[in-house]
Amino acid sequence: MWQVIGQDKILTLLDNSLKQNSLAHAYILLGAPHIGKMTLAINIAQALNCDDTKPPCGKCQSCRHIATGKHADVTCVTLDSKLTSRTEIGIDTIKELQRTANLPPYEGKCKVLIIYEAEYLSTEASNRLLKILEEPPQNVVWLLLSAEEPRLLPTIISRCQRLVLKPVPPEQIQKLLTDSNGIKASKAKLLSRLCQGCPGWALSAAADDDLLQQRKKRIDKIKSLVEGTLTQRFTYAQQLGSIFSKDRRAAMKIMDTWLTWWHDLMLIKGGYEEAITNVDYGATLKKQAKELSLNQIKEFLVNLFQTQKAISMNVNARLALESLMLNLPTKSTITDKV
Amino acid sequence: MKLSCLQENLSRGLGIVGRAAAIRSTLPITQNILLAAEESRLKLVATNLEMAATCWVGAKIEEDGAVTIPARLLIDFVNSLPNELIDITLPSNSHAVEIKSGRFQAHINGIDAQDFPPVPSVSDGVITNVTSKALSDGITQVAFATATEESRPVLTGINAEFEGERLKLVAADGFRLAVHEMALNSAVGEKAMVIIPARTLSELNRLLGDQEEPVEITINQQKSQALFRLKNAELVSQLIQGSFPDYSQVIPQSYTTRAVVDVNEFLRITKMSSIFARDASGIVRLLITPGSELTPGKVTVSAQAEEIGGNVSEMDALVDGEEAKIAFNARYLSDVLSILHQPQVAIEVTTPSSPGVIHPVGVDNYIHVIMPMFVQW
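All of the points below concern the structure found in this document. (Residues numbered from 1 in each chain as written. Chains lettered and ligands numbered in written order. Predicted model: local features only at pLDDT ≥ 70, side-chain atom pairs only at ≥ 80, totals over all residues. Heavy atoms only, no water.)

1. A look at the interface of chain B and chain A
Interfaces are frequently sized by the accessible area removed from exposure as the parts join. Let me state the cut-off plainly: In this analysis, two residues are considered to be in contact whenever any of their non-hydrogen atoms come within 4.5 Å of each other. As used here, buried area is the combined drop in accessible area, with a 1.4 Å probe, of two parts when they are placed together. One speaks of a salt bridge when a side-chain nitrogen belonging to Lys or Arg is within 4 Å of a carboxyl oxygen belonging to Asp or Glu. Any N or O atom pair separated by 3.5 Å or less is treated as a polar contact, with the protein-specific requirement of one donor-capable and one acceptor-capable atom, and with residues adjacent in sequence counted only for side-chain atom pairs. Under the grouping applied here, Gly and all other residues not named as nonpolar or charged are polar, the nonpolar ones being Ala, Val, Leu, Ile, Met, Phe, Trp, Tyr, Cys and Pro and the charged ones Asp, Glu, Lys and Arg.
Across the contact, 26 residues belong to chain B and 21 residues belong to chain A. Summing both sides of the interface, chain B and chain A together bury roughly 2,200 Å²; the carbon and sulfur share of this comes to 52%. If you look at where chain B meets chain A, you find four salt bridges. For Arg99 of chain A, the salt bridge identified is with Glu50 of chain B, shortest N-O distance 2.8 Å. Remark: the boundary between chain B and chain A carries six residue pairs in polar contact (both at pLDDT 80 or more). By residue class, the composition of the side of chain B that touches chain A is 11 nonpolar, nine polar and six charged.

2. Quick look at the side chain of Gln238 of chain B
The condition that has to hold: Secondary structure is summarised from DSSP: a helix means a run of H or I of at least four residues, a strand means a run of E of at least two, and numbering begins at the N terminus for each. Burial status follows relative accessibility: with a 1.4 Å probe on protein chains alone, a residue under 20% of its type maximum counts as buried, one over 50% as exposed, and anything between as partly exposed.
Structurally, Gln238 of chain B can be placed in strand β17 (residues 233–238). The class of Gln238 of chain B is buried, set by a relative accessible area of 1%. In this structure the side chain of Gln238 of chain B is engaged in a polar contact, spanning 2.5 Å, whose partner is the backbone oxygen of Pro104 of chain A.

3. With respect to the packing of aromatic side chains
Residue and element names in this part refer to chain A. Short version of the rule: Any two rings among Phe, Tyr and Trp, with Trp reduced to its six-membered ring, count as a pair given centres within 6.5 Å; such a pair is stacked if its planes are under 30 degrees apart, edge-to-face if over 60, and tilted if neither. In our convention, an over-ring charge means Lys NZ or Arg CZ found within 6 Å of a ring centre and within 35 degrees of that ring's normal.
For the structure on display, the rule yields six aromatic pairs over all chains. Summarising the aromatic geometry, the rings of Trp262 and Phe300 are spaced 4.4 Å apart at their centres and angled 50 degrees between planes, so their arrangement reads as tilted. One end of the pair, Trp262, is in helix α12 (residues 248–269); the other, Phe300, is in helix α14 (residues 294–312), with 38 residues separating them in the sequence. The exposure classification of Trp262 matches that of Phe300, with both residues buried. By way of ring pairs, the aromatic residues Tyr236, Trp258, Trp262 and Phe300 are connected into one cluster. Residue placement shows Arg151 over the ring face of Tyr120; its charged tip is 4.9 Å from the ring centre.

This is the structure in structure tokens:
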């Protein structure tokens, strides 16, 4: 049983390759964070080492060991694992993997080497990897996982089969949450919308209320800033700027919340309420949407995109955010336009 | 699990398997040693997924059981205990081992033995056995020539060719080649060629030091694993997959000049020249001059380093053929000279650009080929 949901096309492809025993030597699994890349990777590893007739069974010893990370032939390197430095996956890690790759499987049938967040491979490490991908040893399957394809070397991509994971429809996620995890329908609905097609996020948010609390804090801030004074906005820009310098990802997450909020405003303005993400804030969104013109929403969304892009390219985060805050429609402009 | 054994025995056992435990690994349990009480013996197992070492230690078993505990911690603790009886207890439903000896005691948190990667079983296939001294000599004479760089994985191992009653060990790193041939105690049924990781063989060599009995070698049918059975221990090695390059063409079939020299003298003057060669890409130059009726032949070893200086040393030699010049990397020369037992060695060369051959005099089971360095004479 594949545990991945909503990726039927990929699963059919893999099932067929497994039946014909014609799996590629390397795959790149692409898709947004939490969409199910790791789950799929673990499933592929299980399928390759499963003793059952219909792999992956998820029940045999190999499958269980792989799921718990105890199988000798399934190696996963990540940015945080002990073997790598914190900022990139270095050449030493790849050398180690190369050594492993040239030895036969220890206890299973096939070695599976997983590189999580492959976009963090250093250039030397990537080039080193090319050599092994070019002349793959027998019984080894490489799985490169990445959320940001443009940051991978084109030479690496061209040597692997690309599997692009699509966002999972909210209904499927909702079903997964209610049926297999026993979560209340109302919460499941909210989570399935909030996760934006990434079941992994929904599951971790269901298990950890903290994620939802954090989101609520973010949303409240975003909601209030439209009415806020210039001083409040600048304080916010400064806060977000300092978060960014400490933890890029956290700041980007906040920017994403901004995007969902304004996206929702646009959807409501356009008369497509059913599709909004922040279902629990429907009333507030409606009220704000009424006060804004479609053009204002559109312009601010463009602004948001540009700011996000600019700070990811290392412009001064605080300046960019202050400029964004200045462009945020204010109460006065709102009343002007009404 | 409940057992008691002598510190001396446990310490020796841990010494045998300890080096096989992984130092850093993505699979944390490989940094542990498996302790299993079975049939009046304590079994110790360690693996780094490249090799797996198993060793049995005599012990008084009161209750069966198994657990894994961190290798470093266990070894260091056991080695610091006096040579007395050690009691090892593992309470049921727990992974914390209690180790007690006289007035000393410790408890170490372990991991469930169920999660320990099983040692691959190697049974059928090619089976033979060889004198441990011969195998040890063979490994010593070729292991240093393996490549340390991973870019050509097959060269990081030693190619072992089993045929009839002979075993040939070959190692090469692209600049040098070492071939050692030895006799097997029993003939193999079919010819087999496998590449054994140099790290495992060096480890095996260490274990061979204290054993006189022959070693039993088994290679499985898929040619993926090899088992070396020693007196009280077993070493299973993963075999490097791939084919070893055809080295036979590299070995020159003839020579124009052959010089026989004293090994120790040659090693001494090579090392002397290497001091100067350090600043000159390690290059030492050999000039072989044949003797005439009155003067003996000689070999001149020299090194020249720009701006620093140079040196020239001479030694007597029995030279056969015409005058010859050749340059080598000093380290490659001293590496091979320092592992030879024979008193005399022959250097065979043709031109300055073709490989040189080192042959110990008096035996015909070892040959070493070194690629020359290109220099302006």
